[in-house]
Amino acid sequence: MPDTWSFGLTGYPLGHSISPILHQSALDQAGLFGCYWLFPINPEKDGDKNLAELLKRLRIGQLHGLNVTIPHKQRVLSLVDDLTPSAAAIGASNTLYMDANSRLIGDNTDAPGFWDDVNHLPLKGEKNALILGAGGAARAVVYALLTHGWNIHITDIFEEQTQSLCSHFAAQKLDSGSLQGIEFSPKSIGSAAENASLIVNTTPVGMHPKVEESPWPEGVPFPKGACLYDVVYNPMETRLMQQAKAAGLPCRCGLGMLVGQAALAFERWTGFSPDRNLMLEAALQEKRSDS
């Protein structure tokens, strides 16, 4: 066990991240000394080269664990030695670590982090979900829902991204729910929403600083009896959540998912399972001090 633990997060941009606060709480709970660093890597400026250099620091022990966020969750797949079964099935990795055989492993703690948190909503009715966005975050959400028997409609402003995600999961042959891509249009979204008991936004639309934006098409009604989950957590109440609440939908932001995936990543790295409520309180305290 190292005297000083060194963890980090890579993605771009990272100015909004509260991951250092979450992991400092985990370190304090475990009685460990360490730091959590931010490593912003612009994908348009030698992104692959800089990612590879950063991962070398894991291999030689300068870092003991690394989180990965947008837009690198899929980029890192070709840079690791192996993937956990869930990361391979999802096609995205948010947690990297060295195993006992000195192999660099890519894992995904987003999926269980989402599943644990979405169940705080009063989900009821048929297991029909509508997902907005088909990027890296969507892959974890799709995997979590599919493996628990949900039937999913998914859409993205970039049609090829939707097709790529659907093709990927079709190849996984998961013995579970169903997945269908739909056109990003008010008509298609409205039709899919009619029978949805859960709507999930996995896009960054509405994230700080563009807090007035919403991915929901104008004029499309929200389904009665459904719940809404927005993976965005900054702000904690997005424009989409405001719209859904006005229509009577229970809502939840992505802060709990963030805490859940962070706690699981910390456990992968150290073997210690931190109290998620204490991590959440640390994050909320940080947000209150910023406001």
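Described in the following lines is the structure provided in the data block. Remember, predicted model here, so these are calculated numbers, not experimental data.

Paired through their backbone hydrogen bonds, the strands of a sheet run either parallel or antiparallel. Strand order in the open sheet made by the six strands is S2-S1-S3-S5-S6-S4, with mixed pairing throughout. If you trace the sheet from one side to the other, it starts and ends with strand S2 (34-40) and strand S4 (82-83), each paired once. Bridge count for S4 against strand S6 (residues 104-107) is two bridges, and the pairing is parallel. Across the sheet, residue Leu83 finds its bridge partner in S6, namely Gly106. Across the sheet, helix H1 (residues 19-30) lies against strand S1 (5-11), S2 and strand S3 (65-68), angled at about 160° from S2, the strand it touches most.

Right, let's get into the side chain of Ser188. The residue Ser188 is located in helix H7 (residues 186-193) in this model. Ser188 gets classed as buried once you look at its relative accessible area, which sits at 19%. Of the polar contacts made by the side chain of Ser188, one reaches the side chain of Ser185; its length is 3.2 Å. With residues up to four places along the chain from it excluded, the contact list for Ser188 reads Ile182 and Glu183.

As a further point, take the pairing of S6. Of the two faces of S6, the one carrying Leu104 and Gly106 and the one carrying Ile105 and Asp107 are both buried. In this sheet, S6 lies alongside strand S5 (residues 95-98) in antiparallel orientation, the contact comprising four bridges. The residue of S6 that forms the bridge with Thr95 is Asp107. Adjacent in sequence and paired antiparallel, S5 and S6 are bridged by five residues, among which Ser102 carries a positive phi angle near 60°.

The rules behind the values
- Residues numbered from 1 in each chain as written.
- Predicted model: local features only at pLDDT ≥ 70, side-chain atom pairs only at ≥ 80, totals over all residues.
- Heavy atoms only, no water.
- Pairing = 2+ DSSP bridges.
- Helix = DSSP H or I, 4+ residues; strand = E, 2+ residues; numbered from the N terminus.
- Contact = heavy atoms within 4.5 Å.
- Axes fitted to C-alpha atoms, helices over the stretch in contact; angles between N-to-C directions.
- Buried < 20%, exposed > 50% of the residue type's maximum accessible area, 1.4 Å probe, protein only.
- Polar contact = N/O pair within 3.5 Å; in protein donor to acceptor, adjacent residues only side chain to side chain.

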